[in-house]
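Coordinate inspection notes
As a plain string of letters, each chain reads:
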Amino acid sequence: MANVAVIGAQWGDEGKGKIVDWLAERADMVVRFQGGHNAGHTLVVGENVYKLSLLPSGIVRGTPSVIGNGVVLDPWALKAEIERLAAQGVTATPETLRIADNCALILPFHRDLDGLREDASGAGKIGTTRRGIGPAYEDKVGRRAIRVCDLAHLDDLGPQLDRLTAHHDALRAGFGEPPIDRDTLVAELRAIADFVLQFARPVWRDLNLAKEAGKRILFEGAQGVLLDIDHGTYPFVTSSNTIAGSAAGGSGLGPAAVGFVLGIAKAYTTRVGSGPFPTELDGDGPDGATGERLGTRGYEFGTVTGRKRRCGWFDAVLVRQSAAVGGITGIALTKIDVLDGFEEVKICTGYRLRGEVIDYYPAHAADQALVEPVYETMPGWQESTAGARSWADLPAQAIKYIRRVEELIRCPVALVSTSPERADTILVRDPFAD
Ligand code: IMP
């Protein structure tokens, strides 16, 4: 019986929320291992829609949920999200939610710095979620972070605050901002400390005990491989490793605990924020109209920031690369129904770069800007795939499309998702059964 890690195989927003919820029902624990409240996972359960940013998706069904040490945690965002869910009838208790006591905190000045940098960057901005994710990871790696366990020792914070403010006050001065008000910061932390500490634990112990007891663990990735700090479209990436390898380091379990890696990919491509996007369909011409159509049919607006997502055809080169570097065992292909009704559909199979066709995405920004997608065109299908629950419910052309995707990305399709409803799923290979 395998544990399962779910990761995005594109630029995030692949529909992980539904798949994680679907798997969470059979998991004994659900674990977030990277990112923070920059994520946006939408879960549709019956009549109710839940929007989660920081909390693991298991929380909605009462499955014990863990925020691992690899996550950066904004205590105020945590409280707000827990209160929002409580208003929807979902309660987080110390039994259902456990937070790693060695998690680094996102503090108010991280959020300020994220915004100040974005505003100062003009056209070169990353297009971050402005939630302070990058600056908080910088402080973690710079060994200046305040962590969850520090909330129980606020009277001893002096030397840490010295290091932190020395670094940040210089940066803030560069932006014409006043120094950090230490008294206010400590008072704010004092006011929130007990709320966070009720959930704080050495979660690595809980997870290792669960592993020994043969429990099923579901690792819930956020963002996608193309936003990975190492393997993504740097510098237009997030500040964590989004690949399955970080499930181990970000939770305190060894790599052998990460079993089946389910990569989630949309049947087309979207991206929110700046950065290269070879198959983007934009502009005033027919391409732009096709991109608009994908965006409208797929309701492509960010869960976290409400920003309109950029849309394009499926890029098999990028997903093949994601599957390789991300360690993906099988793919869940989502939103196939958004492609219903197109005369023809295209898949990018390679890139033309300086007269040559290459089968990978080059690392340098200049090359990334130059690549032109090489497309394979297939006939579309006019029938609806929405709500299909078996291969027999799919039109022949849609099946051909899925099979071709599988071939090109060199990775089998384990699931096909045909609507936001969790039951509208075609199961090819059960990740937990492996
Ligand atoms: P940050 O994670 O807020 O620093 O943003 C860095 C980049 O990652 C930006 O392009 C964001 O739009 C993108 N990003 C961060 N979180 C998500 C997500 O959950 N879905 C899609 N894109 C995201």
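About the cut-offs
- Residues numbered from 1 in each chain as written.
- Predicted model: local features only at pLDDT ≥ 70, side-chain atom pairs only at ≥ 80, totals over all residues.
- Heavy atoms only, no water.
- Pairing = 2+ DSSP bridges.
- Helix = DSSP H or I, 4+ residues; strand = E, 2+ residues; numbered from the N terminus.
- Domains from an automatic or database assignment.
- Contact = heavy atoms within 4.5 Å.
- Buried area = accessible area lost by both parts, 1.4 Å probe.
- Salt bridge = Lys/Arg side-chain N within 4 Å of Asp/Glu carboxyl O.
- Polar contact = N/O pair within 3.5 Å; in protein donor to acceptor, adjacent residues only side chain to side chain.
- Expected span 1.5 Å × (residues − 1).
- Bend = angle between axes of the 7 residues up to and from the residue.
- Buried < 20%, exposed > 50% of the residue type's maximum accessible area, 1.4 Å probe, protein only.
- Near = heavy atom within 4 Å.
- Areas by Shrake-Rupley, 256 points an atom, 1.4 Å probe, with all protein chains shown as cover.
- Nonpolar A, V, L, I, M, F, W, Y, C, P; charged D, E, K, R; others polar.
- Core = buried A, V, L, I, M, F, W, Y, C linked by side-chain atoms within 4.5 Å.

**A look at the pairing of strand S3 (residues 41-45)**
Bridge count between S3 and strand S4 (residues 48-52): 5 bridges; the pairing is antiparallel. Bridge pairing links Thr42 to Lys51 in S4. Hairpin connection from S3 to S4: 2 residues lie between these consecutive antiparallel strands, with Gly46 at a positive phi of about 60°.

**So, the domain arrangement of the protein chain**
Along its sequence, the protein chain is carved into domain 1 (4-102 + 200-262), domain 2 (104-196) and domain 3 (265-433). Listed as interface residues are 6 residues of domain 2 and, on the opposing side, 5 residues of domain 3. For the domain 2 and domain 3 pair, buried surface summed over both sides reaches about 380 Å², with 41% attributable to carbon and sulfur atoms. By the criterion of area lost to domain 3, the three top residues of domain 2 are Gly127, Thr129 and Arg131, representing 68% of everything that side buries. Applying the counting rule to domain 2 against domain 3 returns 0 salt bridges. At the boundary of domain 2 and domain 3, one finds 3 residue pairs in polar contact (both at pLDDT 80 or more).

**A word on helix H6 (residues 182-197)**
Under the 1.5 Å per step criterion, the end-to-end length of H6 is 21 Å for 16 residues, consistent within 8% with the ideal 22 Å. In the structure, H6 departs most strongly from a straight axis at Ala191, where the bend amounts to approximately 35°. Residues Leu185, Val186, Leu189, Ile192, Ala193, Phe195 and Val196 constitute the buried set of H6. By the N-cap criterion, in which a side-chain oxygen at the helix start approaches the backbone nitrogen of a residue two or three places on, H6 is capped by Asp181, the distance to Asp183 being 3.2 Å.

**Re the site of the ligand**
The full set close to the ligand counts 16 residues, and Asn38, Thr129, Thr238, Val272 and Arg307 are the nearest of them. Within the side chain of Asp13, an N or O atom sits 3.1 Å from a nitrogen atom of the ligand. Here an oxygen atom of the ligand sits 2.6 Å away from a polar atom, N or O, in the side chain of Thr129. Protein contact buries 96% of the 470 Å² of open area that the ligand shows by itself. Within the shell around the ligand, the residues separate by chemical class into 6 nonpolar, 8 polar and 2 charged.

**Quick look at the nonpolar core**
Within the largest apolar cluster, 56 residues are counted, with the highest numbers of intra-cluster contacts made by Phe219, Phe314, Ile331, Leu333, Leu339 and Tyr401. Element by element, the count of residues in this core is highest for helix H12 (residues 396-409), at 6 residues. Among the domains, domain 1 (4-102 + 200-262) and domain 3 (265-433) are the pair contributing at least three residues each to this core. Excluding its chain neighbours within four sequence positions, the residues that come into contact with Ile331 are Ala9, Leu262, Gly263, Ala265, Val319, Ile409, Cys411, Pro412, Val413, Ala414 and Leu415. Of all hydrophobic cores here, the second largest spans 37 residues; its members include Tyr50, Val71, Ala92 and Val196.

**Observations regarding the side chain of Ser419**
Here Ser419 lies in the loop between strand S19 (413-417) and strand S20 (425-427). Within the local environment of Ser419, its side chain forms a polar contact with the side chain of Asp424, the two groups lying 2.6 Å apart. Excluding its chain neighbours within four sequence positions, the residues that come into contact with Ser419 are Lys18, Asp337, Gly387 and Asp424.

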